[in-house]
Amino acid sequence: LRRQLGQPLNHLTNRQKMKPKKHLALTFVPLFAACMGSAEPHELNPLHFSEALRSDPDAVLLDVRRPDEFAQSRIAGATLLNVLDTTGFCRGIDTLSRKPHYYLYCLKGLRSLRAARIMQERGFHVTSLDGGIDAWQQAGLSVDSALLDK
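Please read these numbers as outputs of a predicted model, since none were measured by experiment.

Caption draft 1: Molecular detail of helix α2 (residues 46-55). Residues P46, F49, S50, A52 and L53 constitute the buried set of α2. With its buried residues spanning 160 degrees around the axis, α2 presents them on a single face. Among the exposed residues of α2, those pointing more than 90 degrees away from its buried face are L47, R54 and S55. Looking at the buried side of α2, the elements it contacts are β1 (42-44), β2 (60-63), β4 (101-105), β5 (125-129) and α6 (132-138). For α2, the side-chain oxygen to backbone nitrogen distance between the N-cap and L47 is 3.1 Å, and the N-cap itself is N45.

Laid out in structure tokens, this is it:
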């Protein structure tokens, strides 16, 4: 177009020459990242999470909260693996088999999502409880709080 107007292309500034390339990079970088397996871990609401646990005979339920939270209440059958203890958490998951599906929960769902990301990056099949044990209880599902009765 500039040649038609009598202006040579070398009049374009470096910034003008780079705009189309920069635009393409901004378009394809997120697309490329999405294709590289950076998908978010799967999350389920409490009712679907409960159903998935019941229907999977090899399911492993992990509570990724602190030990004091775990002592107060927990979903029956859960094993504690505190994600806030990064070293202990990573050592703990390194001992786990990658064959079963892991179901993770915390109090509100943020720590379990963080733990799920870590585990997913290491090759585990994981699902996080959306809303955590709080949402679980609000949905009317039971928790083991026997330690509170002592």
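After that view, the rundown keeps rolling.
Caption draft 2: Main features of the environment of L53. Note on placement: L53 falls in helix α2. Those residues in contact with L53, other than ones at most four positions away along the chain, are A59, L61 and Y103.

Caption draft 3: Inspection of the pairing of β2 at higher detail. Relative to β4, β2 is paired through four bridges, and the arrangement is parallel. Residue pairing in the sheet places L62 in a bridge with L104 of β4. Both β2 and strand β3 (residues 79-80) contribute to a ladder of two bridges, which runs parallel. From the neighbouring strand, L62 faces β3, where its bridge partner is T79. The parallel pair β2 and β3, bridged by helix α3 (residues 67-72), forms a crossover whose chirality is right-handed.

Reading guide: rules and limits
Residues numbered from 1 in each chain as written. Predicted model: local features only at pLDDT ≥ 70, side-chain atom pairs only at ≥ 80, totals over all residues. Heavy atoms only, no water. Buried < 20%, exposed > 50% of the residue type's maximum accessible area, 1.4 Å probe, protein only. Helix = DSSP H or I, 4+ residues; strand = E, 2+ residues; numbered from the N terminus. Arc of directions from axis to C-beta. Contact = heavy atoms within 4.5 Å. Polar contact = N/O pair within 3.5 Å; in protein donor to acceptor, adjacent residues only side chain to side chain. Pairing = 2+ DSSP bridges. Right-handed = clockwise from strand over helix to strand, strands pointing away.

Read these as layout, nothing more, since geometry by itself doesn't imply function.
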